[in-house]
Amino acid sequence: MSKLSIADLNKSDLENKTVLVRVDFNVPLKDGQVADDTRIRAAIPTINYLLENNAKVILVSHLGRPKGKEDKYSLKPVYEYIKNELKIPLTFLNDCIGEEVKNSIKKAKLGTLILLENVRFYPEEEKNDSGFAKKLSELADIYVNDAFGTAHRAHASTVGVAEFLPAYSGLLMEKEINFLSKALNPEKPFVAIIGGAKISSKIGVLKNLLDKTDSLIIGGAMTYTFLKAQGKNVGKSLVEDDYIKTANEIIEKAQKVKCNLVLAVDHVVADSPDSESGEIVSDIPDNKSGLDIGPKTIEKIREVLQTAKTVFWNGPMGVFEKKPFAKGTEDVALILAEITKKGAITIIGGGDSVAAIEQLGIADKFSHISTGGGASLEFLEGIELPGIKVLKDK
Ligand code: AMP
């Protein structure tokens, strides 16, 4: 899947052009201020590239899930942050479509950066309404999608607009596609580590990875549904009883396709995630919950990862937000950083695993950290994401 990116275009394709860039500025806010700027920083290479090529750059994004126009979901704090903290001059417009917006854009000089108000203030956005997409398209000459994190959603600003404008990928989108494609066609041995709370949300990716991986490591609460399926004691651990059959199917298929399915062999257990400390056990007592993988499991994972050439990781190994249950997740992150140094390609798939890595201050020690949790999982399910599909092929 090879898509044309802005880097493939000639200077003349961008010069004097107005470019509508879909970015993912759906950042967490705290007390009305940007609490984490990762997604904003990730879009800067594309913004700079277009400005350096003398284009007029119009940024469009969503923030949260507003029901109509709700001030608390305004992108104004993002505008203030870019202007005051990142020191990038830009203009903010109070709307994202309409005559006033069109006129302001028309009047702006080349090399100007403009941020539009939250595109989800219009319900037509999420309905991928064609009339609304057309109105967005009327603001620009070219459309660029750099919002990998929302590429799995078919909305007006991620899909519909590409019907009316030539559509290219931004530099971040290009990087995401390149790295995640490496996990779809990996150099072997390929190991996937899937953790987190629920099998139900990751079932598609688990099934697709079975055929591709040499080893599939299951961590987090998901482990307990698998262990229960194998008839082991899981005590009060989080289990999805409706998915025991699915867990059994995965166990059987792994044997058939010779995928080494790695499950926890020991656990850190406690009364609840709020407990002050945990206890290491191989057999989970009836009155305890498994809240992290134990040291023997970590050693087993280390062994498997030593020879890996490509690794994809999504989801924590335990309740990493709580100190007594963070070691499994932290050690996996450290092992991955170590093998990256030795030449392995390591791809971290968004969400909580990224939070864990940032907590450790080692975010620069991996080959690629995806800006899209859900999007990266769907990509690895082998689904062509709608926001990528509509971009021009190379
Ligand atoms: P997910 O969104 O599915 O990736 O799940 C992430 C959440 O799973 C985190 O908030 C973790 O605290 C939680 N989690 C991981 N392991 C466990 C466990 N053993 N028991 C309960 N919650 C867990």
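If you're wondering where the values come from, they're calculated on a predicted model, not measured in any experiment.

Asker: So what's going on with the overall build of the chain? Residues and values would help.
Answerer: The number of helices and strands found in the chain is 14 helices and 17 strands. Taken over C-alpha atoms, the radius of gyration comes to 23 Å for the chain, in line with the 21 Å a tight globule of 394 residues would show. For the C-alpha atoms alone, the extent of the chain along its principal axes is close to 70 × 45 × 35 Å. Going through the 394 residues of the chain one by one, you find that 55% of them count as buried. Counted over contacts in the chain with a minimum sequence separation of 6, partners at least 24 positions apart contribute 73%. Between the centroid of the 52 positive side chains of the chain and the centroid of its 55 negative side chains there is a distance of 2 Å.

Asker: Give me the sheet that holds strand S15 (residues 310–314): which residues, what numbers.
Answerer: Read across the sheet, six strands follow the order S11-S10-S9-S15-S16-S17 without closing on themselves; strand pairing throughout is parallel. Bordering the open sheet on either side are strand S11 (260–262) and strand S17 (368–369), each of which pairs with just one other strand. Judged from the four bridges that link them, strand S9 (residues 190–194) and strand S10 (residues 215–218) form a sheet pairing that is parallel. Across the sheet, the residue bridging to Ala-192 is Leu-216, located in S10.

Asker: Lay out the domain arrangement of the chain in plain terms, naming residues and giving numbers.
Answerer: Splitting the chain by domain gives domain 1 (6–174) and domain 2 (186–380). For domain 1 and domain 2, the distance between their C-alpha centres works out to 35 Å. Between domain 1 and domain 2, the residue contacts involve eight residues of the former and nine residues of the latter. For the pairing of domain 1 and domain 2, the buried interface totals around 660 Å² over both sides, and the portion due to carbon and sulfur atoms is 62%. Our enumeration of links across domain 1 and domain 2 arrives at zero salt bridges. Across the domain 1-domain 2 interface, the total number found is zero residue pairs in polar contact (both at pLDDT 80 or more). Ranked by residue count, the leading element in the side of domain 1 that touches domain 2 is helix H2 (residues 38–52), at three residues. Here the residues of the side of domain 1 that touches domain 2 sort into three nonpolar, three polar and two charged.

Asker: Can you explain the site of the ligand? Please cite residues and give values.
Answerer: As a matter of local geometry, the ligand sits amid 14 residues, with Ala-197, Lys-202, Gly-290, Glu-321 and Asp-352 nearest to it. Note that a nitrogen atom of the ligand is positioned 3.3 Å from one of the backbone N or O atoms of Ala-221. In the complex, 77% of the free accessible area of the ligand, which totals 510 Å², lies under the protein chains.

Asker: Give me the lowdown on the environment of Glu-384, citing residues and values where you can.
Answerer: Position of Glu-384 among the secondary structure elements: in the loop between helix H13 (373–380) and helix H14 (386–389). For Glu-384, a relative accessible area of 36% corresponds to the partly exposed category. Spatially, the C-alpha atoms of Glu-384 and Ala-151 are 9.6 Å apart, while their sequence positions differ by 233 residues.

Asker: Outline helix H10 (residues 295–306), supporting the account with residue identities and numerical values.
Answerer: For H10, spanning twelve residues, the distance from its first C-alpha to its last is 17 Å, which sits close to the expected 16 Å at 1.5 Å a residue. All buried positions along H10 are accounted for by Thr-297, Ile-298, Ile-301, Val-304 and Leu-305. Relative to the axis of H10, the buried residues are bounded by an arc of 120° and lie together on one face. For H10, the exposed residues set more than 90 degrees away from the buried face come down to Lys-296 and Glu-303. Contact partners of the buried residues in H10: S9, S10, S11, strand S14 (289–293), S15 and helix H11 (327–341).

Asker: How would you summarise the pairing of strand S4 (residues 56–60) if you had to cite specific residues and measurements?
Answerer: With five of five residues buried, S4 is to be regarded as a mostly interior element. Here S4 shows two buried faces, one formed by Lys-56, Ile-58 and Val-60 and the other by Val-57 and Leu-59. Of the pairings in the sheet, the one linking strand S1 (residues 18–22) to S4 comprises five bridges and is parallel in character. What sits directly across from Val-19, in S4, is Val-57. Strand direction decides the pairing type here: S4 and strand S6 (residues 113–115), joined by three bridges, are parallel. Its bridge partner being in S6, Val-57 is matched across the sheet by Leu-113.

Asker: Could you give an account of the packing of aromatic side chains, with specific residues and numbers?
Answerer: Counting across every chain of the model gives three aromatic pairs. For the pair Tyr-122 and Phe-132, a centre-to-centre distance of 5.2 Å together with 35° between the ring planes defines the contact as tilted. Here Phe-132 lies in helix H5 (residues 130–137) and Tyr-122 lies in the loop between S6 and H5, a separation of ten residues in the sequence. A relative accessible area of 22% means that Tyr-122 is categorised as partly exposed. The residue whose ring lies beneath Lys-182 is Phe-179, and the NZ or CZ to ring-centre distance is 4.8 Å.

Cut-off values and rules
Residues numbered from 1 in each chain as written. Predicted model: local features only at pLDDT ≥ 70, side-chain atom pairs only at ≥ 80, totals over all residues. Heavy atoms only, no water. Helix = DSSP H or I, 4+ residues; strand = E, 2+ residues; numbered from the N terminus. Rg over C-alpha atoms; globule rule 2.2 N^0.38 Å. Buried < 20%, exposed > 50% of the residue type's maximum accessible area, 1.4 Å probe, protein only. Contact = heavy atoms within 4.5 Å. Lys, Arg positive; Asp, Glu negative; His and termini not counted. Charge placed at Lys NZ, Arg CZ, Asp CG, Glu CD. Pairing = 2+ DSSP bridges. Domains from an automatic or database assignment. Buried area = accessible area lost by both parts, 1.4 Å probe. Salt bridge = Lys/Arg side-chain N within 4 Å of Asp/Glu carboxyl O. Polar contact = N/O pair within 3.5 Å; in protein donor to acceptor, adjacent residues only side chain to side chain. Nonpolar A, V, L, I, M, F, W, Y, C, P; charged D, E, K, R; others polar. Near = heavy atom within 4 Å. Areas by Shrake-Rupley, 256 points an atom, 1.4 Å probe, with all protein chains shown as cover. Expected span 1.5 Å × (residues − 1). Arc of directions from axis to C-beta. Phe/Tyr/Trp six-rings, centres within 6.5 Å; stacked < 30°, edge-to-face > 60°. Lys NZ or Arg CZ within 6 Å of the ring centre and 35° of its normal.

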